[in-house]
Amino acid sequence: MGLLTTGLVAQDAGGGFDPLLPGLIVLLPFLGFVANGILALVAGTRGAARVRAGNEASETADNTKRTLTQTLPTWIGPGVMLAAFILTLLNFVGLLGVELTEPVIRSYWTWMATGTLTVEAALQLDQLSLIMMMVVTGVGFLIHVFSVGYMKEDPGYARYFAYLNLFVFFMLTLVMGANFPMMFVGWEGVGLCSYLLIGFWFQDREKADAGKKAFIVNRIGDFGLLMAMFMLFALFGTLDYVAIFEAAPEVMAYGGFAATAIALFLLLGAIGKSAQVPLYVWLPDAMAGPTPVSALIHAATMVTAGVYLVARASVLFALAPVGAAAVATVGAVTALFAATIALQQYDIKKVLAYSTVSQLGFMFMAVGVGAYAAGVFHLMTHAFFKALLFLGAGAVIHSMHHALHATHKDWDAQDMRNMGGLRRFMPVTWITMWAATLAIAGVWPFAGFFSKDEIIWFVGTSAPASALYVVLWAMAIATALLTAFYMTRLMVMTFHGSNRTGEGERGHLHEAPLSMTVPLGILAVLSVVGGWVNVPGSIRESIFGGFGLLPMSDWLDRWMEPVTASAQAIRLEQMGAYASTAPVGGGHVVWGAIATGLALAVVLVGARLVASREIRPATESEAPATGIRGLLYNKWYVDEFYDRFIVKPVVGLSRFCWRWIDQVLIDGTVNAVGTVSRGLGWFGSLFQTGQINTYAFIVTLGALALLGVLIF
Amino acid sequence: MVDILFFVFAATAVGGALGVVLQKNPVSSLLFMVGTLASLAGLFVLMEAHFLAAIQVIVYAGAIMVLFLFVIMLLNLGHDYRDDLKTGLGMFTAFAAAGALAGVLVSQLRGVEETPLAQHFPGPDALDQLLAEQGIIGAIAHPLFTDYVVAFELVGILLLVALVGAIVIAKRRV
Amino acid sequence: MLAEALVLSAILFVIGTTGVLIRRNAIIMFLCVELQLNAVNLSFVALSQYIGIEGQVFVFFIMTVAAAEAAVGLAIIISIFRHYETVNVDNFNLLKW
């Protein structure tokens, strides 16, 4: 590593760690955005010219003759991601085996210096940001490659890659920023890209509206984040991570008002970005965007920003036990709530969206009970298997869309009731998605088993602190079982049973191209082994670790230690150590056995249950409207509730402000001023007769007045 | 003698002025105006402004009034014009304003000789002496061609401009 | 005699003003303005007897200006008459937009 960096970067003391061109990692996606953006502008101008010329080029016509605007993004988009990933990997390898207790900060220029506030455009590299960077660039690269296959027939191909690269740029800014404002830039930037990509097919009113919904709901969270930043600046006089987290234990009292308020405001920000109850409603709608976008932004990276925020500000949350408990509670409620909705959805992407919300709830639970490493661990494994699930769903939709398009059938390509039996047509997708399903269900030895059950374990062991955690623990277990069930339902409805697509369409179903299946394969492997990086010793030595034979370690726990050490110290000092056994007794191995056994049982029973029921295509079946199934199908009517009690009143208030305050009061005042002026002008113009006599008379009066003033 | 002449001239001047204002026939008005100007010339003589009295008769009563008369004749306006005088409210307001103005001016000017400022006037004797030394022409010409020579030249130019302007404005459009 | 002359001047001035206010014939209005000018001339001459010869010099200038004014003013009236076929000022309202 030293050999590589010599001469490239100035040496500085970083505990032996020497970051390799961190600025370039951020810059590369941005350059990709600029290049693709220019291509998109060119393509847009040409497309507009074609439309004006009258021969609207069809998708198939474009295939035969590929222009530069279609070939270049294929290389630029994934190319910059690969370069960024390699650079990140080099940095990652460089940090391995180095005892880094203080983050390495690279300051590039002073962004703003106003009064007492100085904000540097600085990047921070430590264990947490490197893990996030690995996920963002690694999974991001795979999804970029997948997108090449998925989006290549879209007229907005270059624009798509421009947005995607811009998103990665902002996401890297978010996780690498060395202070709150830098993170906020990334935070808002990814929100913007999310908006742009959800509404990517903006000609469709519904999709454009979904983008707006995401953007607006996120504003509520951003308000919280801004408030937290203001309070932090008021208390600490700086917004740098290092300075704040070092000073926090002295400046803020444990459980005091300031700490609690800041933690709760930060939580509000995290709730908005990570789609937790009650602000989760935008994420299911966000599925209007292209499926790889759902995989990258709304499953693997952006929505985990809230988890990252809590983990990053772990010291602040450790100082505010109420805030931390709120984080865990929000997470548990969200996890269970979203999982129930996922049970009755028929849109394959909606199921995955609610599943994502639910899994994010798990991460919140973890960081809420102080298991930061477990939270980040689940973030990482979730990025693998949920990205895989989304990409698999993307491949299925791609295939379905082709089949339905070939015969001009106006069925919904995303409705699982129209699928069935796809395993014969798409074996690679089928197998890889089963790997992800078993991973999310928590079956040994897939990644989810290690990450999710670790979270449940930590929530359970928090029970001695408060009865609240017993409830949360029960909710977590229930969610885990529901997860296993709805994912099995998804798999069975999509891939098993008889095919329901239709006779004519069946022949057009096909496996996805290589650019899509290769990322699926890689992610499938990661979904299996991704969990092996954080396995407690007792598990490793048991049958679950192959009695020490499988290449497992508790590496991630140790890796994250420097980042969360101060937070853990505060927790230990204030709360004391928790029990090392789960509430009902038993150690890691017993719980592992129960968990994987239950998960497997649910998968098997669920598969039989779903398979035994007769499923008919969407057009022939009617939506469940009554009972618990109707309630779940309609998502607990939360959107309707928000519409009735928040949107409508706000609209009404706005209408009132428009009709009465704006139109009557303000416009009235302005108009009245105008009318009075007109009136005065009219009155004045009465003296302007154009008759010399009148003017002479007025001059005489003026002379009289002047004389009067002079004399009296 | 001087006082009697003053009041005689004053009476004819005011009477002429009223004739100017109240006569409906423009030519009559104009002739009353000539009378007023002649009376004023007489007053100028009484006030030892002999040169100005002569100018008044020659330039004003002679040239300018003839110009007016010429224009009236040119435009064929030498007959009674019924609508010329305003009536009713217009007349009333005009008289009210004029009456107020007259009241103010007369009340202020009546006692002008008793004002402190008037005590510092050199008085008629100084002018008598000056006239005895230089004669009226010399007395006026001296300041006119020394202190006010620039204004004098400018007035010459003004007259030239007015001459050209009058011709340009009044001539028929070609 | 100063006060009497000034009072006479004021009376003539006011009569001229009244003429301007009540007459409609543009030429007569103009004539009344000349009357006002002469009233002022009278006060200048009256004061020059007590203050100095400059008053008479001023009257000289005023007469010159009055001559120029009469020439231009009458030219304007002729011009207007050509356009409107009247000198009744009620018919002229170009000063109003």
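Residues numbered from 1 in each chain as written. Chains lettered and ligands numbered in written order. Predicted model: local features only at pLDDT ≥ 70, side-chain atom pairs only at ≥ 80, totals over all residues. Heavy atoms only, no water.

**With respect to the overall build of chain B**
Looking only at helices and strands, chain B has seven helices and zero strands in total. The helix and strand sequence of chain B, counted from the amino end, reads α-α-α-α-α-α-α. For chain B, the spread of C-alpha atoms along the three principal axes comes to 55 × 45 × 30 Å. Counting over 174 residues, chain B shows a buried share of 36%. Residue pairs at least 24 apart in sequence account for 61% of intrachain contacts in chain B once pairs closer than 6 positions are excluded. Taken as two groups, the 7 positive and 12 negative side-chain charges of chain B have centres that lie 28 Å from each other. (Helix = DSSP H or I, 4+ residues; strand = E, 2+ residues; numbered from the N terminus. Buried < 20%, exposed > 50% of the residue type's maximum accessible area, 1.4 Å probe, protein only. Contact = heavy atoms within 4.5 Å. Lys, Arg positive; Asp, Glu negative; His and termini not counted. Charge placed at Lys NZ, Arg CZ, Asp CG, Glu CD.)

**What about the confidence of the model for chain B?**
Averaged over chain B, the pLDDT score is 89; the fraction of residues at 70 or greater is 99%. Across the interface, the model reports ipTM at 0.90; the global pTM reads 0.71. (pLDDT = per-residue confidence, 0-100.)

**Focus: the interface of chain A and chain C**
Listed as interface residues are 10 residues of chain A and, on the opposing side, 13 residues of chain C. The contact between chain A and chain C buries some 950 Å² in all, and 55% of this surface belongs to carbon and sulfur atoms. Together, Gln688, Gln691 and Asn693 of chain A form the three largest contributors to the area buried by chain A at its contact with chain C, with a combined 48%. Linking chain A with chain C are zero salt bridges. The interface formed by chain A and chain C includes three residue pairs in polar contact (both at pLDDT 80 or more). Counted by class, the side of chain A that touches chain C contains four nonpolar, six polar and no charged residues. (Buried area = accessible area lost by both parts, 1.4 Å probe. Salt bridge = Lys/Arg side-chain N within 4 Å of Asp/Glu carboxyl O. Polar contact = N/O pair within 3.5 Å; in protein donor to acceptor, adjacent residues only side chain to side chain. Nonpolar A, V, L, I, M, F, W, Y, C, P; charged D, E, K, R; others polar.)

**Digging into a nonpolar patch on the surface**
A cluster of nonpolar side chains, contributed by Leu653, Phe656, Trp660, Ile661, Val664, Leu665, Ile666 and Val670 of chain A, occupies part of the molecular surface with about 790 Å² of accessible area. Given a relative accessible area of 53%, Trp660 of chain A falls into the exposed group. (Patch = residues over 30% accessible without salt bridge, like charges linked within 9 Å, V, L, I, M, F, W, Y side chains within 5 Å. Areas by Shrake-Rupley, 256 points an atom, 1.4 Å probe, with all protein chains shown as cover.)

**With respect to unusual backbone geometry**
Cis geometry is found at the peptide bond from Val277 of chain A to Pro278 of chain A, where omega equals 5 degrees. Looking at where Pro278 of chain A falls in the secondary structure, it is placed in the loop between α10 (257-273) and α11 (282-285). Cis geometry is found at the peptide bond from Trp444 of chain A to Pro445 of chain A, where omega equals 5 degrees. The phi dihedral of Leu21 of chain A falls on the positive side, at around 45 degrees, and the residue is not glycine. Topologically, Leu21 of chain A is positioned in the loop between α1 (2-5) and α2 (22-53). Although it is not a glycine, Glu48 of chain B sits at a positive phi angle of roughly 65 degrees. A relative accessible area of 17% means that Glu48 of chain B is categorised as buried.

**Here's the deal with the interface of chain B and chain C**
Counting residues at the interface gives 83 residues for chain B and 67 residues for chain C. Summed over both sides, the interface of chain B with chain C buries roughly 6,800 Å², with 80% coming from carbon and sulfur. Its largest share of buried area at the contact with chain C, chain B owes to Met47, Tyr60 and Phe68 of chain B, together 10% of the area lost on that side. For the interface between chain B and chain C, the tally reads one salt bridge. The salt bridge involving Arg23 of chain C is made with Asp84 of chain B; its shortest N-O contact spans 2.8 Å. Inspection of the chain B/chain C interface yields 16 residue pairs in polar contact (both at pLDDT 80 or more).

**Examining helix α3 (residues 54-84) of chain C**
Between its terminal C-alpha atoms α3 of chain C stretches 44 Å, which fits the 45 Å expected from 31 residues at 1.5 Å a residue. Glu85 of chain C occupies a position one or two residues after α3 of chain C and carries a positive phi of about 60 degrees. (Expected span 1.5 Å × (residues − 1).)

**Re the packing of helix α8 (residues 205-236) of chain A against helix α9 (residues 241-251) of chain A**
All names here are of chain A. Following both chains from N to C, one finds α8 and α9 inclined at 70 degrees, their axes separated by 11 Å at the closest point. When the axes of α8 and α9 are compared, the pair comes out roughly perpendicular. Side by side, α8 and α9 meet where Leu232, Leu235 and Phe236 of the first sit next to Ile244, Ala247, Ala248 and Val251 of the second. (Axes fitted to C-alpha atoms, helices over the stretch in contact; angles between N-to-C directions. Parallel < 35°, antiparallel > 145°, perpendicular 65-115°, else oblique.)

**A closer look at empty space enclosed by the protein**
Residues and elements named next belong to chain A. Taken as a whole and judged by the stated rule, the model has one cavity of 30 Å³ or more. Reported here for the largest cavity is a volume of approximately 50 Å³. Lining the largest cavity, in full, are Tyr280, Val281, Pro284, Asp285, Lys350, Tyr354, Lys635, Val638 and Asp639. Elements that contribute at least two residues to the lining of the largest cavity include exactly α11, α16 (348-368) and α27 (638-687). Each residue belonging to the lining of the largest cavity can be placed in one class, and the counts come to five nonpolar, no polar and four charged. (1 Å grid on protein atoms, 1.4 Å probe; cavity = no way out; pocket = protein on both sides within 12 Å on 5 of 7 lines; lining within 4 Å. Points joined across faces, edges and corners; volume = space filled by probe spheres on them.)

**Notes on the pattern of salt bridges**
Two side chains with opposite charge may pair up if their charged atoms get near one another. Residue and element names in this part refer to chain A. This structure, assessed with the given rule, holds 16 salt bridges over all chains. With a closest N to O distance of 3.0 Å, Lys213 and Asp285 form a salt bridge. In this pair, Lys213 sits in helix α8 while Asp285 sits in helix α11, placing the two residues 72 residues apart along the sequence. The closest approach of N and O atoms between Asp639 and Lys213, which form a salt bridge, is 3.1 Å. Of this pair, Asp639 sits in helix α27 while Lys213 is found in helix α8, placing the two residues 426 residues apart along the sequence. For Lys213, a relative accessible area of 23% gives the class partly exposed. Among the ionic contacts, a cluster of salt bridges with common partners joins Glu188, Arg219 and Asp222.

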